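As a plain string of letters, each chain reads:
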Amino acid sequence: MFRIKKSTKIIAAVLTAVVVIGAGVGLWWKFSTKAKQIQAGVISNEQIKKNLDSKLIKTRQNKQKAAVKKYQAVAADNRYTLTNPYVKVDPYGRSPLAALAIFQTPEASKISLTVVGKTKKTSISTTDKTYSKQHTISILGLYADYNNTVKITATTKSGEKTTKTLHIKTAALPSNLASVKINVKTANKTKMAIGDNKLTFVVRTTKQPFAIDADGAIRWFSTDYSQHVFKQLANGHILRLAKKNNDALIYNEMLEEDYTGRVYKEYHFGTSAADKNMDTDAEYTLIHHDAIELPNHNILATVSDGTSGGKTKNQYVEDTIVEISHKTGQIVKVIDLKKILPTSMYTAKTLMHGKAKDWFHMNSLYYQKSTGDLVISGRHQDMVFKMNYKTLDFKWIYCGKKKSTWPKSLQKYVLTPTGNTRYTGGQHAAILLPSTTKKTDVLALFNNNVAITNGQKSTSKQYSEAAVYKINLKQKKITKVWQNGKDQGKSHFSLVICSNRLMSNGNFLVDYGYLQEGKVSNIQEVTKSGQRVFSVYFSNLGNNGYVYRAERFSLYPNNSRDSQTYE
């Protein structure tokens, strides 16, 4: 018994020593990693919050208060009827091709309206299915410099209809939009996903965002410049990156607004340090490339950490994510990719942006509601990866960096390409499409096909393509199942930007935004079989005004019943 007890004590002592040593090693690794990050200039999440200084302001709402109050008073005025409505073009001074029609009906009615198009399938129509006696109707999709015909129909619950035809005159386009050359090469309207009220939105790298119909006519634009971010929220509003005025260099505000130009929220980001240190010949922003709406309606945005404003001593840019409260405008969560990806990636001496390290260049975010996972694209690592947003646990990594060079803890997540699947290079706009099984992810993106650090060198710069991949989540294998663009070769190689979006009818809207070194942009709509049913070229877009992304949005999303399906 004595021997057993003695041996037990020895074993216990050994185990204790192992645990202590193991804990020590773990702590050593943790502190060693932390020390390396500090040495490399990685700052705390709290400091990032302070640098960005995110908050809600009401500059634009305050300017619009008088107009909002006026339209509310008009809506309560029974002198305005369907036969004699109040009509105001550009009601908030920011959306010249929009109008408000305000009137009352004697019985509760639902309202339908049509902005009559100049050609077949270019009319903009919608029906609000709610019944009311007071009506404030957004008239969207007007032509510029044109006496538009607008038909409004009120239908009672018993089915009785009354129609009024309006003629609404609009002003000419501003000179910098009028000078943009829009050349529609192909427009098979019967196969395009345009529905009753969809336009193709031209999201530019800078300058005014605008939207065109299938004929290439501009049917919506904003007077305010925007950069990169232009999304449609769950409530039908627009989320866009903006600046205090068109002459300012710094894009440091995100706006929630509607298509008539009314602003509902202004997220403001502090840039005092950047103002003092930034280069005077370049636009600068803490927010960049992408922002998305989470299920809780907070905003998830790609940001820089606020330590580099052009002339400041070298720090990092475009490698951080923040969650911004839609209630307070403050940052409630920070994800610094330097703290979850290998140190060797961000300490490399290459990939500079001026004096700052642009080692990752995060250019898109996608949140998968069913799993709570986040898909992130990093152009400068030729990398797309998926991780759980709450735990930051990796799910898969798609990158040409050899599996053996990854830390052992991450090697099991690296995807293996099958068949003719190649690694992407400098890719953009990575999203997940609906999948018929939980065992598979369907990944869509635009593969610029330029090998920066880990891309496919054998095909680099030969072509760009829209692509779709299936990922076997268990086997960690990835297979390309659809592509379009390779046949166009170098004529459609786009070094930067671009997007690939699934349409409601299964087509893809593809943006080749940077052709001929940014002098030309081309948007195409392509069927699953590869037929290009829409192709429009843009030129004379102005300095940095090329098409960053192309989106197909409904002007009346709350009245539509669209669904997207790929498989």
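Up top is the structure.
Rules used in this analysis
- Residues numbered from 1 in each chain as written.
- Predicted model: local features only at pLDDT ≥ 70, side-chain atom pairs only at ≥ 80, totals over all residues.
- Heavy atoms only, no water.
- Pairing = 2+ DSSP bridges.
- Helix = DSSP H or I, 4+ residues; strand = E, 2+ residues; numbered from the N terminus.
- Axes fitted to C-alpha atoms, helices over the stretch in contact; angles between N-to-C directions.
- Contact = heavy atoms within 4.5 Å.
- Phe/Tyr/Trp six-rings, centres within 6.5 Å; stacked < 30°, edge-to-face > 60°.
- Buried < 20%, exposed > 50% of the residue type's maximum accessible area, 1.4 Å probe, protein only.
- Expected span 1.5 Å × (residues − 1).
- Bend = angle between axes of the 7 residues up to and from the residue.
- Polar contact = N/O pair within 3.5 Å; in protein donor to acceptor, adjacent residues only side chain to side chain.
- Core = buried A, V, L, I, M, F, W, Y, C linked by side-chain atoms within 4.5 Å.

Time to look at the sheet that holds strand β17 (residues 320-324). By way of backbone hydrogen bonds, the strands of a sheet pair with one another, either parallel or antiparallel. The strand order β15-β16-β17-β18 describes an open sheet built from 4 strands, whose pairing is antiparallel. What marks the edges here is a single partner per strand, and that holds for β15 (287-293) and β18 (331-336). Strand-to-strand twist across the sheet, computed as the mean angle between neighbouring axes with direction ignored, equals 20°. Each of β16 (299-303), β17 and β18 is contacted by helix α2 (residues 45-52), which is oriented at about 120° to β18, the strand it contacts most.

Relative to the helices and strands, Ile-168 is located in strand β6 (residues 161-169). Remark: the alpha-carbon pair of Ile-168 and Val-89, spanning 79 residues in sequence, is separated by 7.8 Å. Sequence-distant contacts of Ile-168, that is, excluding residues within four places in its chain, are made with Val-87, Val-89, Ala-99, Ile-139, Leu-142, Tyr-146, Asn-147, Asn-148 and Val-150.

How two aromatic rings sit relative to each other is given by the distance of their centres and the angle of their planes. The tally for this structure, following the rule as stated, stands at 24 aromatic pairs. When the centroid spacing of 5.8 Å and the interplanar angle of 85° are considered together, the rings of Tyr-316 and Tyr-346 count as edge-to-face. One end of the pair, Tyr-316, is in the loop between β16 and β17; the other, Tyr-346, is in helix α6 (residues 343-346), with 30 residues separating them in the sequence. Tyr-316 gets classed as buried once you look at its relative accessible area, which sits at 3%.

Here helix α3 (residues 59-75) contains 17 residues, and its C-alpha end-to-end distance of 25 Å stays within 8% of the 24 Å for a straight helix at 1.5 Å per residue. The largest bend along α3 measures about 45° and falls at Lys-65. All of the buried residues along α3 are Arg-60, Gln-61, Gln-64, Ala-67, Val-68, Tyr-71, Val-74 and Ala-75.

With respect to the helices and strands, the residue Ser-325 is situated in the loop between β17 and β18. The exposure class assigned to Ser-325 is buried, which follows from its relative accessible area of 8%. At 3.1 Å, the side chain of Ser-325 forms a polar contact with the backbone nitrogen of Lys-327. Leave out the neighbours within four places in its chain, and Ser-325 touches Tyr-267, Asn-298, Gln-330 and Val-332.

Another point: the sheet that holds strand β12 (residues 238-242). Spatially, β1-β14-β13-β12-β11 is the arrangement adopted by the 5 strands of the open sheet, whose pairing is antiparallel. On the outer flanks of this sheet lie β1 (55-57) and β11 (230-232), each paired with one strand and no other. Within the sheet, the average angular offset between the axes of one strand and its neighbour, ignoring direction, is 25°. Note that β12 and strand β13 (residues 253-257) share 5 bridges and pair antiparallel. By the bridge assignment, Ile-238 is partnered in β13 with Glu-257. Helix-sheet contacts for α3 involve β1, β12, β13 and β14 (263-268), and the interaxial angle to β14 is about 155°.

Within the largest apolar cluster, 72 residues are counted, with the highest numbers of intra-cluster contacts made by Ile-139, Ile-152, Phe-201, Phe-210 and Phe-538. Setting aside residues no more than four positions away along its own chain, Ile-152 makes contact with Leu-82, Ala-101, Phe-103, Ile-111, Ser-112, Leu-113, Ile-139, Thr-162, Thr-163, Lys-164 and Leu-166. Core analysis: the second largest hydrophobic core is formed by 31 residues, Val-42, Met-345, Met-362 and Leu-374 among them.

We now examine the environment of Asp-373. Examined against the element boundaries, Asp-373 turns out to sit in strand β22 (residues 373-378). Overall, the relative accessible area of 3% leaves Asp-373 in the buried class. In this structure the C-alpha to C-alpha distance between Asp-373 and Tyr-389, which are 16 residues apart in sequence, comes to 5.2 Å. At 3.0 Å, the side chain of Asp-373 forms a polar contact with the side chain of Thr-371.

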